[in-house]
Amino acid sequence: MKPIILFDLDGTLIDSTEAILESFHHSLHTHGNRTDVSDTMVTSQIGHPLEVMFSAVGIDPSMIDAHVSTYKLFYREIARQKTLLLPDASTAIREASAFARLGIVTTKTGLYSRELMEHFELMEYFEVLIGREHVENPKPHPEPIWTALEQMSGKRETAWMIGDTRLDIEAAKRAGIESVAVSCGYDNKEQLLTLTDIIKPNALEAVRYIAKRG
């Protein structure tokens, strides 16, 4: 039986920091011309759902839905031009597909994530893509992982999560599956060490670690 490997996207396989920042600031400007929100404040929240990100920078709860909607419309327009595959991500996916079944679990909008992976000609390697709209509870809740495994008819005993933030690792722990953290994304090694000591520099090395584990 082949193992299942679930990948996070931002900071694990792709770098869409520029698109995220531009879309976030566009939304802030559209709804009130906020200029006090720094790039560092935004990037520290990447990995969380958009509603959490806007709440974290002080947006009034009554305005969060409007900010999220504006963000999504703008992001979809620029995402393909301002998103890059991380180095060796394509190789990681292809090597993983040789011995495992693959899925994506992200807090990004699933529709836009699928479009991005199709743009990079990599979606064909994945059986499922679970995005924010597919679950009630995003990572670090285990629901996105459980949903992916259910759609793949997969067993927790043979599943792995690869991600760059504590949200990914905590979700894997709570879902009862193994995980490998990567240090190429938004959480640094010290932050990741609070939850795991299995940390690799990138997705390719994470995949090779899983391959050796059998």
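Just so you know, these numbers come straight off a predicted model, no measurement behind them.

**So, the layout of surface pockets**
Computed from the structure, the largest pocket encloses a volume of approximately 160 Å³. Every residue lining the largest pocket is listed: Thr43, Ser44, Ile46, His48, Thr165, Arg166, Leu167, Glu170, Tyr186, Asp187 and Gln191. Element by element, the count of residues in the lining of the largest pocket is highest for helix 8 (residues 166-175), at three residues. Class assignment for the residues of the lining of the largest pocket results in three nonpolar, five polar and three charged.

**As for the pattern of salt bridges**
Pairing between side chains becomes possible if they bear opposite charge and their charged atoms approach one another. Under the definition given, this model contains 13 salt bridges. Across the salt bridge formed by Glu95 and Arg208, the nearest N and O atoms sit 2.8 Å from each other. Note that Glu95 is positioned in helix 5 (residues 89-97) and Arg208 in helix 10 (residues 203-213), a separation of 113 residues in sequence. The salt bridge partner of Asp187 is Arg166, with a shortest N-O separation of 2.9 Å. Within this pair, whereas Asp187 is found in the loop between strand 7 (178-182) and helix 9 (189-192), its partner Arg166 is found in helix 8, the two being separated by 21 residues in sequence.

**Let's talk about empty space enclosed by the protein**
Tallying each qualifying case throughout the model produces one cavity of 30 Å³ or more. Taken as a whole, the largest cavity spans an internal volume of roughly 250 Å³. Lining the largest cavity we find 23 residues, and of these Asp10, Ile20, His48, Thr107 and Lys108 sit closest to its centre. Elements that contribute at least two residues to the lining of the largest cavity include exactly helix 3 (50-56), helix 4 (64-78) and helix 6 (110-119). Considering every element that reaches the lining of the largest cavity, the biggest residue donor is helix 4, with three residues. Taken together, the residues that form the lining of the largest cavity break down as nine nonpolar, seven polar and seven charged.

**Considering the sheet that holds strand 8 (residues 199-200)**
What the six strands build is an open sheet, ordered 5-4-1-6-7-8; its pairing is parallel. The open sheet has two edge strands with one neighbour each: strand 5 (128-130) and strand 8. Bridge count for strand 1 (residues 4-7) against strand 4 (residues 101-105) is four bridges, and the pairing is parallel. Each bridged residue has a counterpart across the sheet, and for Leu6 the counterpart in strand 4 is Gly103. In the packing of helix 7 (residues 143-152) onto the sheet, the strands contacted are strand 1, strand 4, strand 5 and strand 6 (159-163), and the crossing angle to strand 5 comes to about 155°.

**Overview of the side chain of Ser23**
Structurally, Ser23 can be placed in helix 1 (residues 17-30). Ser23 sits in the buried class, given a relative accessible area of 0%.

**Overview of the packing of aromatic side chains**
Under the counting rule described, the total for this entry stands at six aromatic pairs. Here Trp160 and Tyr209 contribute two aromatic rings whose centre-to-centre distance is 6.1 Å and whose plane-to-plane angle is 85°, an arrangement assigned as edge-to-face. Highlighted residues: Trp160 in strand 6 and Tyr209 in helix 10, separated in sequence by 49 residues. Overall, the relative accessible area of 8% leaves Trp160 in the buried class. An aromatic cluster is defined as three or more aromatic residues linked by ring pairs; in this entry it consists of Phe24, Phe54, Tyr71 and Tyr75.

Calculation rules
- Residues numbered from 1 in each chain as written.
- Predicted model: local features only at pLDDT ≥ 70, side-chain atom pairs only at ≥ 80, totals over all residues.
- Heavy atoms only, no water.
- 1 Å grid on protein atoms, 1.4 Å probe; cavity = no way out; pocket = protein on both sides within 12 Å on 5 of 7 lines; lining within 4 Å.
- Points joined across faces, edges and corners; volume = space filled by probe spheres on them.
- Helix = DSSP H or I, 4+ residues; strand = E, 2+ residues; numbered from the N terminus.
- Nonpolar A, V, L, I, M, F, W, Y, C, P; charged D, E, K, R; others polar.
- Salt bridge = Lys/Arg side-chain N within 4 Å of Asp/Glu carboxyl O.
- Pairing = 2+ DSSP bridges.
- Contact = heavy atoms within 4.5 Å.
- Axes fitted to C-alpha atoms, helices over the stretch in contact; angles between N-to-C directions.
- Buried < 20%, exposed > 50% of the residue type's maximum accessible area, 1.4 Å probe, protein only.
- Phe/Tyr/Trp six-rings, centres within 6.5 Å; stacked < 30°, edge-to-face > 60°.

Purely geometric stuff here, so don't read any function into it on its own.
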